[in-house]
Amino acid sequence: MAFSRISKLDPPSRGIFRKAAVMLCSLLTSLFLLHCLTDRCGTTSPVKASSSRAAGLLEDVRSQRTKRLVYEWTAGSEPAGYGAARRSSRVLTDERAGQVPEPREEPLILPPPDLVASRKVSPRFAGKLSPLGEGSKKLPQALIIGVKKGGTRALLEFLRVHPDIRAVGAEPHFFDRNYENGLDWYRELMPKTLEGQITMEKTPSYFVTREAPARISAMSRDTKLIVVVRDPVTRAISDYTQTLSKKPDIPSFESLTFKNRTTGLIDTSWSAIQIGIYAKHLDNWLQYFPMGQILFVSGERLISDPAGELGRVQDFLGLKRIITDKHFYFNQTKGFPCLKKAEGSSKPHCLGKTKGRTHPNIDPEVVQRLRDFYRPFNMKFYQMTGRFFGWDD
């Protein structure tokens, strides 16, 4: 009885079959899309319409990835899976073209130019540096080591115009007076720098400090050294003028120059005289550094041709020649060149009133005695450096 009732039931309706077919097609389509999204679908597909839809969805995904990358770059961090996302996109494009992708170096993806401008980051560093305001303090890679009253302050102020140079304004005097404080203390004095920038400082007394070469070499044998030299007679008078401005009651220049005025014996123990014996001090430095790591800048040419001397310094530091004639103008009142725009300012900048002081009148006979004294040392210095500075003309 029960069996006869079942046998008489109506067969399944066609609607049920249609619903099952639709569900099966949807499932297959979903599996196909999932297959494509995992970068495994090829150029051939049994269902062309589904392939076209998959391509559209992939373009949407790539667009969303791009937006996410830009957003996370502006937040200062690289998103997780950043490299994988770029590789997946590249592989998909190559497969669509029917090519097998070959291993290659990942290209640098830069952020949009408007973002670079808004964050004030040089395009040279965009995409590989941390956001503005970050960076790290490093020990200096280059030092202006001398000489006093040679033009070191002018050189430092000119160099600070270069975007790839970060320098300490004050003189740290680490390698002559504060060495016991240690390198960590010294590093903390340095400004923060980004990748590709050079950290610098200047302390003119290093050049005449006997322990300085060994100490700097112990920090780094690759340190580049810059020495600004000037006619030793003029330099000595300038040195005396600076001391006189602070101590008006000091003896005359003539009395300090000679041990005995009658015999004409020069007093080399006086620092103003001793500093100008450049060849003697250079001998000490060459025991620790090769001549190729030391650049000598002419203090006279720094006044007459600042752009030319700055060009040599930029080449020596391995930097692009950015500081040129357009950065300078000659100040007739002070008698030396000034910057049209100083670092971080849109206004002209000249060195302070302590620079370019008027020298006192010195007995011409004393000046000549000094020139005779320095001549053999100057000749040796020209020979050592391979450069003629013209102090004996």
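Parameters at a glance
Note that residues are indexed from 1 along each chain, following the sequence as it is written. Since the coordinates come from a predicted model, pLDDT governs what is reported: local features require at least 70, and pairs of side-chain atoms require 80 or more to be given and counted, while whole-chain, interface and lining totals use all residues. Derived side-chain values reflect all non-hydrogen atoms in the structure, with water molecules and hydrogen atoms excluded from consideration. Pairing of aromatic rings covers Phe, Tyr and Trp, the last counted by its six-membered ring, and requires centre-to-centre distances within 6.5 Å; plane angles under 30 degrees mean stacked, over 60 mean edge-to-face, and any other angle means tilted. Helix and strand assignments come from DSSP, with helices taken as H or I runs of at least 4 residues and strands as E runs of at least 2, each series counted from the N terminus. Throughout this description, buried means an accessible area under 20% of the type-specific maximum (1.4 Å probe, protein chains only), exposed means over 50%, and partly exposed covers the range between. Two limits define a charge over a ring: the Lys NZ or Arg CZ must be within 6 Å of the ring centre, and within 35 degrees of the ring normal. Throughout, a residue-residue contact means that at least one pair of heavy atoms, one from each residue, lies within 4.5 Å. Two strands qualify as a pair provided that DSSP identifies no fewer than 2 bridges between them. To define axes, lines are fitted to C-alpha atoms, for helices over the stretch in contact only, and angles between the resulting N-to-C directions are given on a 0 to 180 degree scale. For our purposes a nonpolar core is just a set of buried Ala, Val, Leu, Ile, Met, Phe, Trp, Tyr and Cys residues, chained together by side-chain atoms within 4.5 Å. The scheme is simple: roughly parallel for angles under 35 degrees, roughly antiparallel for over 145, roughly perpendicular for 65 to 115, oblique for anything else. Asp, Glu, Lys and Arg are counted as charged, while Ala, Val, Leu, Ile, Met, Phe, Trp, Tyr, Cys and Pro are counted as nonpolar; the rest, among them Gly, fall into the polar class. This arc is built from the directions going out from the helix axis to the C-beta atoms. The length a helix should cover is 1.5 Å for every residue beyond the first. The angle separating two fitted axes, one through the seven residues that finish at a residue and one through the seven that start at it, defines the bend at that residue. Pairs of N or O atoms within 3.5 Å make up the polar contacts considered here, provided that, within protein, one atom can donate a hydrogen while the other can accept it, and that residues adjacent in sequence are counted only when both atoms are side-chain atoms.

A. Fine view of the packing of aromatic side chains. One pass over the structure, following the stated rule, counts 23 aromatic pairs. Both rings, one in Y240 and one in W270, keep their centres 6.3 Å apart while their planes meet at 80 degrees; by these two values the pair is edge-to-face. Here the residue Y240 occupies a position in helix α9 (residues 232-246), and W270 occupies one in the loop between β8 (265-266) and α11 (271-274), the gap between them amounting to 30 residues. Note on accessibility: Y240 and W270 belong to one class, buried. An aromatic cluster of at least three residues, connected via ring pairs, comprises Y278, F296, F381, Y382, F388, F389 and W391. The lysine or arginine in question, K224, covers the ring of F316, its NZ or CZ lying 5.5 Å from the ring centre.

B. Quick peek at the side chain of N378. In this structure, N378 sits in helix α15 (residues 364-385). In this structure N378 touches P232, W391 and D392, once residues within four positions along its chain are discounted.

C. View of unusual backbone geometry. Cis geometry marks the peptide bond from G146 to V147, where omega comes out at -5 degrees. Inspection of the secondary structure assignment puts V147 in the loop between β2 (142-146) and α6 (152-159). Unlike most non-glycine residues, K149 shows phi in positive territory, near 60 degrees. Position of K149 relative to the elements: it lies in the loop between β2 and α6. Judged by relative accessible area, K149 falls into the buried class, the value being 14%. Its identity is not glycine, yet H173 carries a phi of approximately 50 degrees, on the positive side. Inspection of the secondary structure assignment puts H173 in the loop between β3 (165-167) and α7 (183-188). In this structure H173 comes out as buried when scored by relative accessible area, which is 10%.

D. The sheet that holds strand β9 (residues 294-298), seen in detail. With respect to topology, five strands assemble into an open sheet ordered β3-β5-β2-β6-β9, the strand pairing being parallel. Because the sheet does not close on itself, it has two edges, and the strands there are β3 and β9. Averaged over all adjacent pairs, the angle separating strand axes in this sheet is 25 degrees, with direction ignored. With three bridges connecting them, β2 and strand β5 (residues 198-202) associate as parallel partners. Following the sheet pairing, A142 is matched in β5 by M200.

E. Local environment of the pairing of β5. Counting buried residues along β5, five of its five residues qualify, which places the element largely inside the surrounding structure. Residue alternation in β5 divides its side chains into two sets, I198, M200 and K202 and T199 and E201, and both sets are buried. Two strands pair when backbone bridges link them, and β3 and β5 are joined in this way by three bridges, in the parallel orientation. When the bridges of β5 are listed, A167 appears paired with M200.

F. Broad picture of the environment of F377. Mapping F377 onto the fold places it in helix α15. By relative accessible area, which is 30% here, F377 ends up partly exposed. Through-space distance from the C-alpha of F377 to that of Y278 is 7.2 Å; in sequence the pair is 99 residues apart.

G. Inspection of the nonpolar core at higher detail. With 30 residues, the main nonpolar core has I145, F175, I216, W285 and F381 as its most contacted residues. Among the secondary structure elements, those contributing two or more residues to this core are β2, α8 (212-219), β6 (224-229), α12 (278-285), β9 and α15. For this core, the element with the most residues is α12, which contributes four residues.

H. Spatial organisation of the packing of α12 against α15. Two elements in contact, α12 and α15, have axes separated by 8 Å at closest approach and are oriented at 40 degrees. Taken together, the axis directions place α12 and α15 in an arrangement best described as oblique. Listed contacts from α15 to Y278, A279, L282 and D283 of α12 are F377, K380, F381, M384 and T385. Taken together, the residues of the contact of α12 with α15 break down into six nonpolar, one polar and two charged.

I. Examining α8 more closely. Listed in full, the buried residues belonging to α8 are A212, P213, I216, S217 and M219. Each buried residue of α8 sits inside an arc of 155 degrees when the element is viewed along its axis, so together they form one side. Where the residues of α8 are buried, they touch β2, α7, β6 and α12.

J. Structural detail: α15. Taking 1.5 Å of rise per residue, 22 residues should cover 32 Å, and α15 covers 29 Å from first to last C-alpha, within 8% of that figure. Of all the bends in α15, the greatest reaches close to 40 degrees and is centred on R375; the proline P376 follows between one and four positions later. Buried within α15 we find V366, L370, F373, Y374, N378, F381, Y382, M384 and T385. For α15, the N-terminal cap is D363; the gap from its side-chain oxygen to the backbone nitrogen of E365 is 3.0 Å.

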